[in-house]
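A structural walkthrough
Next come the chains, spelled out residue by residue.
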Amino acid sequence: NISAYTQKIAHRFGDILSCCFLPGYNEPTLVLLHAPNRTWSGRLIGGSQNCHVTAISVTVTHQCAAVLWSVNVSVDALSIQSTGIDGCLVVSTNSIIHVTNGGRISSALALNGWAGVTCSADINPNPWPLPRLAITLDGAKVSMIDKDLGFVVLRYGQVYLLQRVEKVW
């Protein structure tokens, strides 16, 4: 009974915003971007970190699932995307966060001045000589070409190259 199995996996996560599969595990591993509690922007002043990325190992033959790890991410997170064998990218309105396969935030890229308010990771503006960014990703699409290279297309058509250099995005 597929519907009963789906209910066993999907409870306690609240609103599921996005999901993807992670390669590199023995069992199929699903990564969920979810918000366990409903909130609104007025709660940001209290430090509300409501979005989480949770990895779930799914064993289809035994009809069971196990939570491998969970980490807090930006409260304005929009989607999650696999980067290959080394983890996933959390695309937020104000930042892009890389989470490793072990559930650790390895890097975070601030896209504007609001990233410090909405992101739970230790995030800083781009270091010199890189320019400070002033973009938002609401309505944008991120497409990975390989594990270290991708394109970010904003809602008005601007295209940015997203490249990881020395294990930092």
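In what follows, the structure referred to is the one given above.
Here we summarise the structure given alongside this text.

What counts and how
- Residue indices begin from 1 for each chain and proceed along its sequence in written order.
- Per-residue local features of the predicted model are confined to residues with pLDDT of at least 70, and side-chain atom pairs are confined, for both listing and counting, to 80 or more; whole-chain, interface and lining totals are unaffected and use all residues.
- The side-chain quantities take in all heavy atoms of the structure and omit both hydrogens and water.
- Helix numbers and strand numbers start at the N terminus; a helix is a DSSP run of H or I with at least 4 residues, a strand a run of E with at least 2.
- Exposure classes here rest on a 1.4 Å probe applied to the protein chains alone. A residue is buried below 20% of its type maximum, exposed above 50%, and partly exposed in between.
- Here, two residues are considered to be in contact whenever any of their heavy atoms come within 4.5 Å of each other.
- For the area figures, the Shrake-Rupley method with a 1.4 Å probe applies, and any residue is considered shielded solely by the protein chains shown.
- At least two DSSP bridges between two strands are needed for those strands to be called paired.
- Orientation is described by axes fitted as lines to C-alpha atoms, over the contacting stretch for helices, and by angles from 0 to 180 degrees between their N-to-C directions.
- Residues adjacent in sequence count toward polar contacts only when both atoms are side-chain atoms; beyond that, a polar contact is any pair of N or O atoms within 3.5 Å, and within protein one must be able to donate a hydrogen and the other to accept it.
- Think of a nonpolar core as a cluster: buried Ala, Val, Leu, Ile, Met, Phe, Trp, Tyr and Cys residues, connected wherever their side-chain atoms sit within 4.5 Å.
- Here, a salt bridge means any Lys or Arg side-chain nitrogen found within 4 Å of an Asp or Glu carboxyl oxygen.

1. Digging into the overall build of the protein chain
Within the protein chain one finds two helices and eleven strands. Put simply, the protein chain runs from its N terminus to its C terminus through helices and strands in the order α-β-β-β-β-β-β-β-β-α-β-β-β. Per-residue burial over the protein chain gives 43% buried out of 169 residues. Long-range contacts, defined as pairs at least 24 residues apart, comprise 38% of the intrachain contacts of the protein chain with a sequence gap of at least 6. Accessible surface computed for the protein chain: about 9600 Å², of which carbon and sulfur atoms make up 57%.

2. Quick look at the sheet that holds strand S4 (residues 64–73)
Pairing in this open sheet of four strands is antiparallel, and the strands run S1-S2-S3-S4 from one edge to the other. Looking at which strands have only one partner, the edges of the open sheet turn out to be strand S1 (15–22) and S4. Averaged over all pairs of adjacent strands, the angle between strand axes in this sheet comes to 25°, irrespective of strand direction. Here seven bridges tie S1 to strand S2 (residues 29–35), and the two strands are oriented antiparallel to one another.

3. Quick look at the side chain of serine 18
Within the fold, serine 18 resides in strand S1. What makes serine 18 buried here is its relative accessible area of 13%. A polar atom in the side chain of serine 18 sits 3.2 Å from the backbone nitrogen of isoleucine 80.

4. Re the sheet that holds strand S8 (residues 105–110)
What the four strands build is an open sheet, ordered S5-S6-S7-S8; its pairing is antiparallel. What marks the edges here is a single partner per strand, and that holds for strand S5 (77–82) and S8. Adjacent strand axes in the sheet meet at a mean angle of 15°, parallel and antiparallel pairs treated alike. When strand S7 (residues 95–100) meets S8, the two strands line up antiparallel, connected through five bridges. The partner of isoleucine 96 across the bridge, within S8, is leucine 109.

5. Description of the environment of arginine 38
Structurally, arginine 38 can be placed in the loop between S2 and strand S3 (51–59). Residue classification places arginine 38 among the exposed positions, given a relative accessible area of 70%. The residues touching arginine 38, leaving out its near neighbours within four places in the chain, are Asp15 and Asn50.

6. Observations regarding the nonpolar core
Residues Val31, Leu33, Val53, Val73, Ile80, Val90 and Val99 are the most contacted members of the largest nonpolar core, which totals 18 residues. Filtering out sequence-adjacent residues up to four positions away, valine 90 remains in contact with Leu33, Val53, Val73, Ala77, Ser79, Ile80, Ser95, Ile96, Ile97 and Val99. Membership of the second largest hydrophobic core comes to 13 residues, among which are Leu89, Val91, Leu109 and Val142.

7. Notes on the pattern of salt bridges
Counted under the stated rule, the structure contains four salt bridges. Aspartate 86 is the salt-bridge partner of arginine 164, the closest N and O atoms lying 2.3 Å from each other. Residue arginine 164 is located in the segment after strand S11 (159–163), and its partner aspartate 86 is located in the loop between S5 and strand S6 (87–92); the two are separated by 78 residues in the primary sequence. Of the two residues, arginine 164 and aspartate 86, neither departs from the other in class, the shared state being buried. The closest approach of N and O atoms between lysine 147 and aspartate 148, which form a salt bridge, is 3.4 Å.

None of this, on its own, says anything about what the molecule does.
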